[in-house]
Protein chains: 2
Amino acid sequence: MDEQILKKAGLKATPRRKEMLRILLNGGCPLTAEEVYHAFSEKQSCNLSTVYRALNTMAERRLLQKNIHRDGRVYYQLNLEHHSHQLVCERCHESVPIDLCPLEQLERDLRENTGYRITGHQFEISGVCPRCAEKEREKK
Amino acid sequence: MDEQILKKAGLKATPRRKEMLRILLNGGCPLTAEEVYHAFSEKQSCNLSTVYRALNTMAERRLLQKNIHRDGRVYYQLNLEHHSHQLVCERCHESVPIDLCPLEQLERDLRENTGYRITGHQFEISGVCPRCAEKEREKK
DNA sequence: GAATAAACGCAAATCATTTGCGTTTGGAGT
DNA sequence: ACTCCAAACGCAAATGATTTGCGTTTATTC
């Protein structure tokens, strides 16, 4: 439960934070601070800067993963054991989750070869989805 | 030669653009617009917004690759056939090039499974380099 | 229930990047 | 070599995501 998760991370279990976790959970995909902000209802609203601050502290405490996408915005997602990456359409921004992460073996090799302690990775593949490709073909 | 490369891409071969290509070439690693800007000499200076504009148009014409790193800034590099990715130290930002790109096979699979036309990818692995890890140990 | 550090709201600041616009320049055509 | 025009450029102002300073509120500990 959210309450316990937050406290275990040394954070106060405030209504806003619990709501943010809930939003990220049933969002099902990485969300920007702005998207989280808009997902609040009128009754329980939350200031945008509070959203940023809370998402960042939760990311620091490893409750969330923070990733920057090619659009230049930062996306947050719950830090579940099975993290996911995306293939994103350049045109409509539809995204397809990529199930297996090909970087795990690479990270092991890098640790051995460079002596770095690996703390994270991010990647994103961009493309054009079949629907947008179709639209383009029609235009010409 | 730079002159030909630019013209072949349908761009004017101006002194500034040739210099930018030169800077990126002997930089040897991805550079931000700001870094390119500072690499100009006093004699041949170049406005920062011109740097941004030129790098972006060269990227559009596929002369450069554009990648966003975890620090939130956009890095540009020459679009050589053998592109490279980096392992970046969170503390000192030292970076180690990663020779082989593990995403090529994945991209082929994705094209087949999703119907997307793949246009690019980016990834970056972050970690802490041995020197910074050592410094941290000393502090404690 | 009182005390206190952490959260919060609001407005202003920051920082990389983009844009509008008037001026300059490369290079195609003569 | 000379003219011409779209593309490049410089400068200043705008943008947009994110951060920060500060006074107020609230969750948690005792």
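Residues numbered from 1 in each chain as written. Chains lettered and ligands numbered in written order. Predicted model: local features only at pLDDT ≥ 70, side-chain atom pairs only at ≥ 80, totals over all residues. Heavy atoms only, no water.

**Q** How should I be thinking about the packing of helix α2 (residues 15–27) of chain B against helix α4 (residues 48–60) of chain B in this particular structure?
**A** Residue and element names in this part refer to chain B. Following both chains from N to C, one finds α2 and α4 inclined at 75 degrees, their axes separated by 11 Å at the closest point. Considering the angle they form, α2 stands roughly perpendicular to α4. Residues Arg-16, Arg-17, Met-20, Leu-21 and Leu-24 of α2 lie in contact with α4, whose contacting residues are Thr-50, Val-51, Ala-54, Leu-55, Thr-57 and Met-58. When its residues are assigned to classes, the contact of α2 with α4 shows seven nonpolar, two polar and two charged. (Axes fitted to C-alpha atoms, helices over the stretch in contact; angles between N-to-C directions. Helix = DSSP H or I, 4+ residues; strand = E, 2+ residues; numbered from the N terminus. Parallel < 35°, antiparallel > 145°, perpendicular 65-115°, else oblique. Contact = heavy atoms within 4.5 Å. Nonpolar A, V, L, I, M, F, W, Y, C, P; charged D, E, K, R; others polar.)

**Q** What am I meant to see in the sheet that holds strand β1 (residues 31–32) of chain B here?
**A** Whether parallel or antiparallel, the strands of a sheet pair through hydrogen bonds between backbone atoms. Residue and element names in this part refer to chain B. Judged by pairing direction, the sheet is antiparallel, and its three strands sit side by side in the order β1-β3-β2 without closing on themselves. Each end of this open sheet is capped by a strand with a single partner; those strands are β1 and β2 (64–68). Bridge analysis of β2 against strand β3 (residues 74–78) gives five bridges, and the strand direction is antiparallel. From the neighbouring strand, Lys-66 faces β3, where its bridge partner is Tyr-76. Along the sheet, α2 makes contact with β1, β2 and β3, crossing β3 at roughly 90 degrees. (Pairing = 2+ DSSP bridges.)

**Q** What am I meant to see in the relation of the copies chain A and chain B here?
**A** Each of the two copies of the chain can be brought onto the other by a rotation about an axis and a shift along it. By a simple turn and slide, chain A fits onto chain B: the slide is 0.1 Å along the axis, the RMSD is 0.1 Å, and the turn is 180 degrees. The operation mapping one copy onto its partner corresponds to a two-fold rotation axis. Within chain A, the C-alpha atom positioned nearest to the axis of rotation is that of Phe-123 of chain A, 2.0 Å from it. Here 100% of the contact residues of chain A are again contact residues in chain B; the copies associate through an equivalent surface. (Least-squares fit on C-alpha atoms with pLDDT ≥ 70 in both.)

**Q** It is not clear to me how the protein's contact with DNA strand D should be interpreted in this structure. Could you clarify?
**A** Taken together, 20 residues sit near DNA strand D, with Tyr-52 and Arg-53 of chain A together with Thr-14, Arg-16 and Thr-50 of chain B positioned nearest. Each atom of DNA strand D within 4 Å of the protein belongs either to a base or to sugar and phosphate, the latter forming 65%. Between Lys-12 of chain A and DNA strand D, the recorded distance is 3.4 Å, taken from a side-chain N or O atom to a base nitrogen. Note that a phosphate oxygen of DNA strand D is positioned 3.3 Å from one of the backbone N or O atoms of Lys-12 of chain B. (Near = heavy atom within 4 Å. Polar contact = N/O pair within 3.5 Å; in protein donor to acceptor, adjacent residues only side chain to side chain.)

**Q** I would appreciate a short explanation of helix α4 (residues 48–60) of chain A in the present structure.
**A** Since one α-helical turn is 3.6 residues long, residues separated by three or four positions face the same way. Residue and element names in this part refer to chain A. The terminal C-alpha atoms of α4, which comprises 13 residues, lie 18 Å apart, in line with the 18 Å expected from a rise of 1.5 Å per residue. Those residues of α4 that sit buried are Val-51, Ala-54, Leu-55, Met-58 and Ala-59. Seen from one end, α4 has its buried residues packed into an arc of 135 degrees, which puts them on one side. Turned more than 90 degrees away from the buried face of α4 sit Arg-53 and Glu-60, all of them exposed. Considering only its buried residues, α4 is in contact with α1 (2–8), α2 (15–27), α3 (33–39), β2 (64–68) and β3 (74–78). (Expected span 1.5 Å × (residues − 1). Buried < 20%, exposed > 50% of the residue type's maximum accessible area, 1.4 Å probe, protein only. Arc of directions from axis to C-beta.)

**Q** Which parts of the structure should I look at to understand the domain arrangement of chain A?
**A** By a frequent convention, interface size equals the accessible area lost on bringing the separate parts together. All names here are of chain A. Parsing chain A into structural domains produces domain 1 (1–79) and domain 2 (81–140). The interface of domain 1 with domain 2 comprises eight residues on the first partner and eight residues on the second. Across the domain 1 to domain 2 interface the summed buried area is about 710 Å²; carbon plus sulfur atoms make up 35%. Applying the counting criterion to the domain 1 and domain 2 interface returns zero salt bridges. (Domains from an automatic or database assignment. Buried area = accessible area lost by both parts, 1.4 Å probe. Salt bridge = Lys/Arg side-chain N within 4 Å of Asp/Glu carboxyl O.)

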